[in-house]
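Structural overview
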Protein chains: 2
Amino acid sequence: MIPWVVLERLYLYYSYVESLPPEINWVSSQMLGEALGISPDLVRKDMTYCDIKGKPRQGYPVQELKSYLRKLLKLDVNVKSVIVGAGRLGSALANYDGLRKNNMQVLALFDVDPEKVGKNLGDIPILALSELEGFVKEKHVQCGVITVPANSAQQVCDLLVSAGVRAIWNFAPAALKVPHHVQLRNENIVQGFVLLRIRMLEVN
Amino acid sequence: MIPWVVLERLYLYYSYVESLPPEINWVSSQMLGEALGISPDLVRKDMTYCDIKGKPRQGYPVQELKSYLRKLLKLDVNVKSVIVGAGRLGSALANYDGLRKNNMQVLALFDVDPEKVGKNLGDIPILALSELEGFVKEKHVQCGVITVPANSAQQVCDLLVSAGVRAIWNFAPAALKVPHHVQLRNENIVQGFVLLRIRMLEVN
């Protein structure tokens, strides 16, 4: 099993390689390291997970590296998802091209607001929260994204879990409890800002 | 200087303590640990940064703990900010109560879309990108939030830096370069999803 810190860096390499113009066929550990602020030695070490060999003066072949990384990071595996909470954040995630391109398939948004329920966001329907459990079961939804206020996050999480999702992606500032077979990832946006402020004040 | 991993946990403790109902006056390391999935021993160790003493059977006094943590995490320090990119994500952040309550003060949004420029989002004006530099200088903006597409993120970042911000909070999937005196924090949303999917597939 590849450690999380390595996976995080492998994803950075992938993003960088993917952003290269098509005429670039080779990328070196120096180039990658410089672009991403990682030492070239560490880049080379990480690449050993990738089963790809660099050439002394050229580096790694871009197309091959990309497809190795895609496989390693399982970027081609489609994940059927629903987003609970059709506010600005939920809508932003549902429309986010970067997630769509990486095979997060949003089947529906859910909300309790009668003004939203029944409408569409692009081609994604907004459904009533009361329909969530049935929908998740019927469509074999694997991942539930939570963008509701903190005080209803656990309730929504329990609903998703009992309906059968295998992963919870939580954007609410709440410490959720899930059973062991369900994977939970918290994105704590406020925490990001708090840490950035501390660093800024320490330095200046 | 408090290590980042400790600061991250201290913020979790703060969030938890802040969410407690007002009738709860004491919180123990067991309670905190259990709620957040952290060992009580580690909680107690982290609390030594806080200059607060727990009582053997009661734990820590909630109000005192809250105010110590607020001071330590500098939550009361106002940060003048602008958000560049008035799309769904930028708008979500501008309106996000959790950020407002923690003293991120959004003075303006900036965009290039003539349909958006000149309008308001709540009480926050949406201004033209061409006004960014002058605005940041005049208002002494400290923090620039980037929610533009990846291919224009570095350009926006350079503008913000040359106008004088001290911190960049970047939501674009781009590896930005900033000078040493500017603090950079990247929130890579797609990476979060990628890692969650890998974990889900590994376990199931």
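Computed from a predicted structure; not experimentally measured. Just so you know, the residues in each chain are numbered from 1, in the order the chain's sequence is written. The order in which chains are written sets their letters, starting at A; the order in which ligands are written sets their numbers, starting at 1. Totals for whole chains, interfaces and linings use all residues, but because this is a predicted model, local features are given only for residues with pLDDT of at least 70 and pairs of side-chain atoms are given and counted only at 80 or more. Side-chain figures throughout are based on the complete set of non-hydrogen atoms in the structure, without hydrogens or water.

1. Description of the sheet that holds strand β8 (residues 167-170) of chain A
Residue and element names in this part refer to chain A. Strands sit in the order β5-β6-β4-β3-β7-β8-β9 across an open sheet of 7 strands; the sheet is mixed. Each of the sheet's edge strands pairs with one partner strand only, and the pair in question is β5 (120-121) and β9 (183-186). The criterion for strand pairing is that DSSP finds at least two bridges linking the strands in question. Helix and strand assignments come from DSSP, with helices taken as H or I runs of at least 4 residues and strands as E runs of at least 2, each series counted from the N terminus. As judged from the 4 bridges shared by strand β7 (residues 143-146) and β8, these two strands associate in the parallel manner. Within the sheet, the bridge partner assigned to C143 lies in β8 and is A167.

2. A closer look at the UniProt feature "domain: CoA-binding" (unreviewed entry) in chain A
Using the residue numbers shown here, the UniProt feature "domain: CoA-binding" (unreviewed entry) corresponds to residues 74-175 of chain A. Annotated as residues 74-175 of chain A, this span is 33% helix and 28% strand, and its ends, taken at the C-alpha atoms, are 27 Å apart. UniProt positions are given in the numbering used here, feature names are shortened, and annotations may be inferred rather than shown by experiment.

3. Re the pattern of salt bridges
Residues and elements named next belong to chain A. The salt bridge definition used is simple: a Lys or Arg side-chain nitrogen within 4 Å of an Asp or Glu carboxyl oxygen. Tallying each qualifying case throughout the model produces 10 salt bridges over all chains. Between D76 and R70 there is a salt bridge, and its shortest N-O distance comes to 2.8 Å. Relative accessibility under 20% of the residue-type maximum defines a buried residue, over 50% an exposed one, and the middle range a partly exposed one, all with a 1.4 Å probe and only protein chains included. Taking the relative accessible area as the measure of exposure, R70 reaches 19% and is therefore buried. A salt bridge links E187 to R185, with the nearest nitrogen and oxygen atoms 2.6 Å apart.

4. What to know about the UniProt feature "binding site: NAD(+)" (unreviewed entry) in chain A
If you check UniProt for "binding site: NAD(+)" (unreviewed entry), the listed places come out as G85, A86, G87, R88, L89 and G90 of chain A in our numbering. Among the structural elements, R88 of chain A can be located in helix α5 (residues 88-94). Contacts were defined at the residue level, with two residues in contact if any of their heavy atoms lie within 4.5 Å. Excluding residues within four positions of it along the chain, R88 of chain A makes contact with R88, S91, A92, N95 and L121 of chain B. Mapped onto the secondary structure, L89 of chain A falls in helix α5. L89 of chain A gets classed as buried once you look at its relative accessible area, which sits at 18%. Other than its neighbours up to four places away in sequence, L89 of chain A contacts T147, F171 and I189 of chain A together with L89 and A92 of chain B.

5. Observations regarding the domain arrangement of chain A
Considered domain by domain, chain A is made up of domain 1 (4-72) and domain 2 (79-191). Between domain 1 of chain A and domain 2 of chain A, the C-alpha centre-to-centre distance is 33 Å. Note: domain ranges come from an automatic or database domain assignment.

6. So, the nonpolar core
Ranked by internal contacts, the top residues of the largest apolar core, which has 104 residues, are L73 and W169 of chain A together with L73 and W169 of chain B. Among residues more than four places away in sequence, those in contact with W169 of chain B are I189, G192, F193 and L196 of chain A together with L99, M104, C143, G144, V145, I146, R185 and E187 of chain B. Put simply, buried Ala, Val, Leu, Ile, Met, Phe, Trp, Tyr and Cys residues joined by side-chain atoms within 4.5 Å make one nonpolar core.

7. Some points on the pairing of strand β6 (residues 124-128) of chain B
All names here are of chain B. With 4 of 5 residues buried, β6 lies mostly within the body of the structure. Sheet analysis places strand β4 (residues 104-111) next to β6, joined by 3 bridges and oriented parallel. Its bridge partner lying in β6, D111 is registered against A128. The sheet contact formed by strand β5 (residues 120-121) and β6 spans 2 bridges and is antiparallel. Each residue of the ladder has a partner; that of L121, found in β6, is I124. Taking the residues that link successive antiparallel strands as the turn, the β5-β6 hairpin has 2 residues, and the phi of G122 there is positive, at about 60°.

8. Considerations on the interface of chain B and chain A
Every contact between the two is made by 60 residues of chain B and, on the other side, 60 residues of chain A. Buried area: the sum, over both parts, of the accessible surface (1.4 Å probe) that disappears when the two are put together. When chain B packs against chain A, close to 5800 Å² is buried across both sides, 70% of that on carbon and sulfur atoms. Joining chain B to chain A, the criterion identifies 0 salt bridges. Think of a polar contact as two N or O atoms within 3.5 Å of one another; within protein, one of them needs to be a possible hydrogen donor and the other a possible acceptor, and neighboring residues in sequence only count if both atoms come from side chains. The interface formed by chain B and chain A holds 10 residue pairs in polar contact (both at pLDDT 80 or more) in total. Elements with a minimum of two residues in the side of chain B that touches chain A: α1 (4-18), α2 (29-36), α5 (88-94), α6 (97-101), β8 (167-170), β9 (183-186) and α9 (189-203) of chain B. When residues in the side of chain B that touches chain A are grouped by element, the largest group, 15 residues, is from α9 of chain B.

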